[in-house]
Amino acid sequence: MKEKVKSPYELLGGEHTISKLVDAFYNRVASHPDLAPIFPIDLTETTRKQKQFLTQYLGGLGFIYRRTWTPYVTCKTFAF
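Definitions and cut-offs
- Residues numbered from 1 in each chain as written.
- Predicted model: local features only at pLDDT ≥ 70, side-chain atom pairs only at ≥ 80, totals over all residues.
- Heavy atoms only, no water.
- Helix = DSSP H or I, 4+ residues; strand = E, 2+ residues; numbered from the N terminus.
- Expected span 1.5 Å × (residues − 1).
- Buried < 20%, exposed > 50% of the residue type's maximum accessible area, 1.4 Å probe, protein only.
- Arc of directions from axis to C-beta.
- Contact = heavy atoms within 4.5 Å.
- Core = buried A, V, L, I, M, F, W, Y, C linked by side-chain atoms within 4.5 Å.
- Phe/Tyr/Trp six-rings, centres within 6.5 Å; stacked < 30°, edge-to-face > 60°.

Participant: I'd like a description of helix 2 (residues 14-31), backed by residues and values.
Facilitator: Residues separated by three or four positions in an α-helix point in the same direction, a consequence of the helix having 3.6 residues per turn. Along its 18 residues, helix 2 runs 26 Å from first to last C-alpha, staying within 8% of the 26 Å computed at 1.5 Å per residue. G14, I18, V22, Y26 and V29 are the residues of helix 2 that are buried. In an axial view of helix 2, the angular spread of the buried residues amounts to 60°, which keeps them on one side of the axis. The exposed residues of helix 2 that point more than 90 degrees off its buried face are H16, K20, N27, R28 and S31. Buried residues in helix 2 make contact with helix 1 (8-12) and helix 3 (44-57).

Participant: Residues and numbers for helix 3, please.
Facilitator: Taking 1.5 Å per residue as the helical rise, helix 3 with its 14 residues ought to reach 20 Å, and the 20 Å between its terminal C-alpha atoms agrees with that figure. Regarding helix 3, the residues found buried are T47, Q52 and T55. Taken down its axis, helix 3 places every buried residue within 135° of arc, on the same side. At the exit of helix 3 stands G59, carrying a positive phi of roughly 95°.

Participant: Quick one: what's the story with the nonpolar core, residue by residue and with numbers?
Facilitator: Across soluble globular proteins, you tend to see nonpolar side chains buried next to one another. In this structure, Y9, I18, V22, Y26, V29, L43 and L58 together form the largest nonpolar core, which totals seven residues. The element contributing the most residues to this core is helix 2, with four residues. Apart from residues no more than four positions distant in its own chain, V22 is found in contact with T47, Q50, K51 and L54.

Participant: Report on the packing of aromatic side chains, specifying residues and quantitative values.
Facilitator: A full pass over the atoms with the stated rule returns three aromatic pairs. Centre to centre, the rings of Y26 and F39 are 6.0 Å apart; their planes meet at 70°, and the pair counts as edge-to-face. Pair noted here: Y26 is in helix 2 and F39 is in the loop between helix 2 and helix 3, with a separation of 13 residues, a long-range link. Residue classification places Y26 among the buried positions, given a relative accessible area of 7%. Judged by its relative accessible area of 25%, F39 is partly exposed. Ring centres 5.6 Å apart and planes at 20° place the aromatic pair F53 and Y57 in the stacked group. Separated by four residues within a single helix, F53 and Y57 lie in helix 3, roughly one turn from each other. Its relative accessible area of 38% is what places F53 among the partly exposed residues.

Here it is, written out as structure tokens:
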């Protein structure tokens, strides 16, 4: 019997770990004197999108980005 190969997402600890890492990163960005001015004041949306990106990139829930694509992009992409 073969063992199921875990994704990097699972090996890192899944949603809980990704959320903690991204939150810690953006808390530091918000308080950094050089970085804070180039980011939005409210980092809520930026944080949410970063969590989605890392989740999908590391092999987590693959359906997440379908919510952010426009129907046009989705249809054109699936044609290839």
